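# An overview of the molecular structure
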Amino acid sequence: TGTKLVTASADGTARVYNANSGACVAILLGHDSEISKVSFNSQGKKIITASADKTCRVWDAETGEQLQVLEGHTDEIFSCAFNYEGDTIITSSKDNTCKIWRDTEYSGAPAE
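Please read these numbers as outputs of a predicted model, since none were measured by experiment.

## Considering the overall build of the protein
Across its full length, the protein holds zero helices and ten strands. Listed N to C, the secondary structure of the protein is β-β-β-β-β-β-β-β-β-β in terms of helices and strands. Its C-alpha atoms give the protein a radius of gyration of 13 Å, near enough to 13 Å, the size a compact globule of 112 residues would have. With respect to the principal axes defined by its C-alpha atoms, the protein has extents near 40 × 30 × 20 Å. Within the protein, contacts between residues separated by at least 24 positions form 32% of all contacts whose residues are at least 6 apart in sequence. Accessible area of the protein: about 5,900 Å², with a carbon and sulfur share of 47%. In the protein, the 10 positive side-chain charges and the 16 negative ones have mean positions that sit 3 Å from each other.

## Quick word on the sheet that holds strand S2 (residues 14-18)
A sheet is described by the order of its strands in space; here three strands give the open sequence S1-S2-S3, paired in antiparallel fashion. Each edge of the open sheet is held by one strand with a lone partner, namely strand S1 (4-8) and strand S3 (24-28). Looking at each pair of strands side by side, their axes are set apart by 20° on average, direction ignored. Where S2 meets S3, four bridges bridge the pair, whose relative direction is antiparallel. Considered in S3, the bridge of alanine 14 is made with leucine 28.

## Points about the pairing of strand S4 (residues 35-40)
Judged from the five bridges that link them, S4 and strand S5 (residues 46-51) form a sheet pairing that is antiparallel. The residue bridging phenylalanine 40 from the neighbouring strand is isoleucine 47, located in S5.

Cut-offs used in this document
- Residues numbered from 1 in each chain as written.
- Predicted model: local features only at pLDDT ≥ 70, side-chain atom pairs only at ≥ 80, totals over all residues.
- Heavy atoms only, no water.
- Helix = DSSP H or I, 4+ residues; strand = E, 2+ residues; numbered from the N terminus.
- Rg over C-alpha atoms; globule rule 2.2 N^0.38 Å.
- Contact = heavy atoms within 4.5 Å.
- Areas by Shrake-Rupley, 256 points an atom, 1.4 Å probe, with all protein chains shown as cover.
- Lys, Arg positive; Asp, Glu negative; His and termini not counted.
- Charge placed at Lys NZ, Arg CZ, Asp CG, Glu CD.
- Pairing = 2+ DSSP bridges.
- Axes fitted to C-alpha atoms, helices over the stretch in contact; angles between N-to-C directions.

Structure (structure tokens):
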């Protein structure tokens, strides 16, 4: 951890950079609209992105591979975060809801 940084963009992409060299090591493609929030899990192995396209996506921080699409909000998602253990994600949306998602190796279902 501490060797990468991630940026969000209005063009719907996020980019992962090597913090030491400044080199772009991955471009995260998949959102259809602006990304408003990005976050690493505490282990530094996963990234989540929240977008105006009403989805939150989970990415492999090393490869840039999209691992999961979290769908269920009816309006823009403006915030997302991992819990400390990295096995739960919370999203908040302009639809006035928050959702809690469990990482059971990408079941894609909200927590009960």
